[in-house]
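Here's the letter readout for the chains.
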Amino acid sequence: MSRIKELRASFDKKLDALEHQALAFEAQLTQTKDQAMQRLEQRKQQLRDLLMQVQTDVQRSKEMAEQAKTEVQAKLEHLQVQLALGKADARDTFEEQRTKTLKALNEFESVAEQKLTGASFESGRVWEDLVGRTSTLEAEFEARKGRFESEKAKQQVTLESKKQELLTTLASYKAQLKAKRDTVQAKTDVFETDLREGLDQIKTGFKKLFE
């Protein structure tokens, strides 16, 4: 198993991913659209910063063959281009940008797993950081999808009421996540399934807000 897959499969990273999603949905409920978009742009920039470190390490590596460096650099640069695209205010533009970015990310991870296995980088915990920053970006993309349906003025009172209900549910969910991290028993598939089901219910409630 590659280092990236190994990290993603770890219990702590699975909990991190669930927490990132919960926080992203909470932000969408409590922030304006402009604030939420800025949050997404910040996540993209954080990943770009890390990729610049990876690019430097690849260029300096004495362990890698030049052909391998070229392949990795190509995927890195393509991913950086996608991340550097400006804000997408329209739903269709956003969805196209999200799809292309995630595709470029998967392609980079695929070539990294093949060409960078065993490579030692000066940037230290580069793979752990990559998994973490990728997880936060994916969570923001997922939560942002639900914000492109216009809220009707006549539904505003009901909307605010439902938002508060969801925020209460999210607060409880985050407390549950924290408790599970501190419990040895939490490191089981049963607890992970329960947490995922809880997040799925929150996602469903979130999507219904903007239908």
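As a starting point, this report considers the structure included with it. Since the structure is predicted, the reported quantities are computational estimates derived from the model, not experimental observations.

### Regarding the layout of surface pockets
Part 1 of the argument: Of the pockets and cavities examined, the largest pocket occupies roughly 290 Å³.
Part 2 of the argument: Those elements giving two or more residues to the lining of the largest pocket turn out to be α2 (11-30), α5 (91-115) and α6 (126-144).
Part 3 of the argument: If one sorts the elements of the lining of the largest pocket by residue count, α6 sits on top with seven residues.
Part 4 of the argument: Tallied by class, the residues present in the lining of the largest pocket amount to five nonpolar, four polar and eight charged.

### With respect to the pattern of salt bridges
Part 1 of the argument: By the definition in use, this model includes 12 salt bridges.
Part 2 of the argument: Ionic pairing is found between Glu-109 and Arg-8, a salt bridge with its closest N-O pair at 2.9 Å. One end of the pair, Glu-109, is in helix α5; the other, Arg-8, is in helix α1 (residues 3-9), and 101 residues separate them in sequence.
Part 3 of the argument: Taking the shortest distance from any N to any O, the salt bridge between Glu-26 and Lys-174 comes out at 2.8 Å. Taken together, the residues Glu-26 in helix α2 and Lys-174 in helix α7 (residues 156-181) connect sequence positions 148 residues apart.
Part 4 of the argument: Look at Lys-174 and you get partly exposed, because its relative accessible area is 25%.
Part 5 of the argument: Within the structure, one salt-bridge network assembled from shared partners comprises Lys-13, Asp-16 and Glu-128.

Quick notes on the rules
- Residues numbered from 1 in each chain as written.
- Predicted model: local features only at pLDDT ≥ 70, side-chain atom pairs only at ≥ 80, totals over all residues.
- Heavy atoms only, no water.
- 1 Å grid on protein atoms, 1.4 Å probe; cavity = no way out; pocket = protein on both sides within 12 Å on 5 of 7 lines; lining within 4 Å.
- Points joined across faces, edges and corners; volume = space filled by probe spheres on them.
- Helix = DSSP H or I, 4+ residues; strand = E, 2+ residues; numbered from the N terminus.
- Nonpolar A, V, L, I, M, F, W, Y, C, P; charged D, E, K, R; others polar.
- Salt bridge = Lys/Arg side-chain N within 4 Å of Asp/Glu carboxyl O.
- Buried < 20%, exposed > 50% of the residue type's maximum accessible area, 1.4 Å probe, protein only.

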